Amino acid sequence: MDPGRKTLVVIGGGMSGMTVALEAAEAGMAVHLVEAGPSLGGRVAALARYFPKMCPPTCGIEINYRRLRRNPDVVVHTLTRVTAVAGTPGAFEVTLRTEPRRVNGRCTACGECVAVCPVERPDDFNHGLAKTRAIYLPHAMSYPMTYVIDGTSCKGAECGECVKTCRYGAIDLGEAATTRTVHAHAIAVATGWTPYDATRLTNLGFGRFQNVVTNVMMERMLAEDGPTGGKPVCPSDGRTPARIAFVQCAGSRDRNHLPYCSAVCCGASLKEAIIVREAAPDCEMAIFYIDRRVMGRNEEVLAKVEADPKTRLVRGKVAQVSEDPATHALRVTAEDTATGTRSEWEADLVVLATGMVPNTEGLPLPSGCALDEFGFVVPDGETTGTVAAGCVVRPAVMTQCMQEATGAAIQALITAGA
Ligand SMILES: Cc1cc2nc3c(=O)[nH]c(=O)nc-3n(C[C@H](O)[C@H](O)[C@H](O)COP(=O)(O)OP(=O)(O)OC[C@H]3O[C@@H](n4cnc5c(N)ncnc54)[C@H](O)[C@@H]3O)c2cc1C
């Protein structure tokens, strides 16, 4: 990087962070893109498809990857977190700690190491619906396309099978974490969101009943590269569900959990219902909702589901999900506010539309950078030198995140005087 250039540190390598980094770099800044996970892409990489166009997530992500590959002004730091921020706008010192990948750039992603690795671990990308070996590729669209070793499950040198098998000398089981400090004129926060912890919704049975899953798990089931090859299944026994209930606002717009609306969950469940229909033409579905909140072209997605004779849209908040332990059959109890009656619905699979929690807990931010009462960043580039974009600012669909990311890049250029 040219030391004379204005520098931006972007924290978070999802679609929002990648976009801020690229737009700022293409306008002349030098950028450090800092991603905590082993790959860029964020939560979008795990979606089955994007609404409203219903195309696979590869579309948008691959465009950004290509821009990144061609742009030497963005230095990507995966497995890295910011541990401290000192200084003031125009002169920040940002400390980065990088965890060991234990696999270097000589990796060709041939996968021969996986075949000999004896250890299995829950696959976090698939929300525990599948397993990986201790050495694994984060996901099919990984950037970098390099394997990683989970240090907590790997047996280390006492095993060493992957080292013996790798023809490229790409594995270093002894690699250690590193720390470095970079100078920055501005900082952009784009750390995104985490799904609300569904085990806290004790009335809805997640964690107790195997066939109660969350919307992000359903995205993985419905993804063609997912653990069930794009088909909805009952985790209890792998059968195709004949009846699926979607529970909207699972914890959202609820003072006991997340008081706010997560803005994407109605669109997400409608999209999932459309994909289920393709995979399971006879499946009956019911979507229990408080309000149907879709905007822009997602009206088309809603209209398509409304026209499906085997899908019911029931206005009513779900009070409880119970299970017959012998058969794992589920019963959804809700008040149907359209008729004023209590409604009971039998289901094989229940999908909880849980909301978004901003990834700001424990995140070191420059002094003066504020969070709102729910933990979302309040961007104020002018005063604090820190801009923000995407779901760390508010729950949002991708188009809104992208627009905001471009705005954040412009604000970063102004703030840094670039
Ligand atoms: C079930 C569901 C379905 C959805 N479907 C659609 C859809 O079809 N179409 C659509 O437009 N939108 C959809 N969305 C919304 C979409 O997922 C978000 O708009 C998108 O993820 C926002 O991207 P982001 O980059 O802001 O955040 P994220 O995707 O969360 O990316 C944030 C990145 O920051 C990293 N990170 C977190 N903390 C740190 C840290 N401390 N240091 C460094 N890095 C960090 C994360 O690892 C991640 O890579 C859906 C959402 C849900 C819940």
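These numbers come from a predicted model, not from an experiment. (Residues numbered from 1 in each chain as written. Predicted model: local features only at pLDDT ≥ 70, side-chain atom pairs only at ≥ 80, totals over all residues.)

(A) Expanded view of the site of the ligand. Residues in contact with the ligand amount to 36 residues; listed here are only the nearest, Gly 12, Gly 14, Gly 42, Gly 192 and Gly 390. The set of elements that each furnish at least two residues to the shell around the ligand consists of α1 (15–26), α5 (215–222), α6 (265–279) and α9 (398–416). Within the shell around the ligand, the residues separate by chemical class into 19 nonpolar, 12 polar and five charged. Shared between two domains, the shell around the ligand takes at least three residues from each, and those domains are domain 1 (7–99 + 177–192 + 359–416) and domain 3 (197–355). (Near = placed C-beta within 6 Å. Helix = DSSP H or I, 4+ residues; strand = E, 2+ residues; numbered from the N terminus. Nonpolar A, V, L, I, M, F, W, Y, C, P; charged D, E, K, R; others polar. Domains from an automatic or database assignment.)

(B) A look at the packing of α1 against α9. Their axes nearest at 8 Å, the elements α1 and α9 cross at an angle of 40°. In the packing of α1 onto α9, the handedness of the crossing is right-handed. Every residue of α9 that contacts α1 at Met 15, Ser 16, Thr 19, Val 20, Glu 23 and Ala 24 is listed here: Met 398, Cys 401, Met 402, Ala 405, Thr 406, Ala 408, Ala 409, Ala 412 and Leu 413. Taken together, the residues that form the contact of α1 with α9 break down as 11 nonpolar, three polar and one charged. (Axes fitted to C-alpha atoms, helices over the stretch in contact; angles between N-to-C directions. Left-handed = near helix turned anticlockwise from the far one by under 90°. Contact = placed C-beta atoms within 7 Å.)

(C) Structural detail: the packing of α5 against α6. Close contact between α5 and α6 brings their axes to 11 Å; oriented N to C, the two are set at 30°. With respect to α6, the axis of α5 lies roughly parallel. Remark: the crossing between α5 and α6 carries left-handed chirality. Contacts between α5 and α6 pair Asn 215, Met 218 and Leu 222 from the former with Cys 265, Ala 268, Ser 269, Glu 272 and Ile 275 from the latter. Split into classes, the residues belonging to the contact of α5 with α6 amount to five nonpolar, two polar and one charged. (Parallel < 35°, antiparallel > 145°, perpendicular 65-115°, else oblique.)

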